[in-house]
Amino acid sequence: MRPTLTPDQRHLLAFVGRSSGSALLDAFLEERALRSLLARAGGASGPTAPHGAPDWMTSYWTVGSKFISPRPGSGPPRATVTATQIQRLGQALPTALRSQIADLLTATRAEQHRTWQWCRCPHARTPPNAHSRPCSRYHPTDEEDREHYRRTTEMHEQADALLRRVLDLGADAQLDLFDQLT
Ligand SMILES: [Zn+2]
């Protein structure tokens, strides 16, 4: 049976997902990822609630093994999602959806691995001073940079679409990123 979360809980998880990149998707598949997401112990806030979420949901915070909204100091918690609920939701996902998530996570990691050492300093050919050499790191061309941006944007959109499917949220949920609080 599919675990049931209230609409508020689903909006809270969408909020967590949008402010944590693909980390929440990973957490639905793997306990290790869930633990590291909780270990960040942070939260996020925005000037208004995410589109479709209740007006009071302008922030969330990680408290132990739970996510709560609004964050402490902004009034009593009105929605809570526990680590156990996230795990159960993940375990109950259809196999096809789980493998789509796994494929996206693999592609995201591959792109990060491919580009994490790229350097954008101005010393690719000319050294910063007479006593040093040009920077030896890899400097992407504008073309490569654009391609990286295109891939990253596409994967971000795919992650958002998968998260909406996991949470049964409509396609109108917004893509805005929120200020992260850590
Ligand atoms: Zn450089």
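The model shown is predicted, which means the values in this text are computed figures rather than measured ones.

1. Section: the side chain of His148
Turning to step 1, where the next piece is worked out: Topologically, His148 is positioned in helix α6 (residues 142–167).
Turning to step 2, where the next piece is worked out: On the basis of relative accessible area, His148 is assigned to the buried category, the value being 18%.
Turning to step 3, where the next piece is worked out: Within polar-contact distance, the side chain of His148 engages the side chain of Glu111 at 2.7 Å.
Turning to step 4, where the next piece is worked out: With sequence-adjacent residues up to four places away left out, His148 is seen in contact with Glu111, Arg114, Thr115, Trp118 and Arg120.

2. Here we look at the coordination of the zinc ion
Turning to step 1, where the next piece is worked out: Coordination sphere of the zinc ion, protein contribution only: Cys119 (SG), Cys121 (SG), Cys135 (SG) and His139 (NE2), at 2.0 to 2.4 Å.
Turning to step 2, where the next piece is worked out: Around the zinc ion sit 4 donor atoms, and with donor-metal-donor angles ranging over 106 to 114° the site reads as tetrahedral.
Turning to step 3, where the next piece is worked out: We note that the donor set of the zinc ion lies within a single chain, spaced as C-x1-C-x13-C-x3-H.
Turning to step 4, where the next piece is worked out: Taking the relative accessible area as the measure of exposure, His139 reaches 17% and is therefore buried.

3. Focus on unusual backbone geometry
Turning to step 1, where the next piece is worked out: In this structure, Pro70 follows Ser69 across a cis peptide bond, with omega equal to -10°.
Turning to step 2, where the next piece is worked out: Mapped onto the elements, Pro70 comes out in the loop between β3 (66–69) and β4 (79–82).
Turning to step 3, where the next piece is worked out: In the Ramachandran plot, Asp168 falls in the positive-phi region, its phi being about 55° despite a non-glycine side chain.
Turning to step 4, where the next piece is worked out: As for its placement among the helices and strands, Asp168 is situated in the loop between α6 and β5 (179–181).

Cut-offs used in this document
Residues numbered from 1 in each chain as written. Predicted model: local features only at pLDDT ≥ 70, side-chain atom pairs only at ≥ 80, totals over all residues. Heavy atoms only, no water. Helix = DSSP H or I, 4+ residues; strand = E, 2+ residues; numbered from the N terminus. Buried < 20%, exposed > 50% of the residue type's maximum accessible area, 1.4 Å probe, protein only. Polar contact = N/O pair within 3.5 Å; in protein donor to acceptor, adjacent residues only side chain to side chain. Contact = heavy atoms within 4.5 Å. Donors = N, O, S within 2.8 Å, 3.2 Å for Na, K, Ca; no water. Tetrahedral: all angles 85-135°; square planar, octahedral: opposite > 155°, others 65-115°.

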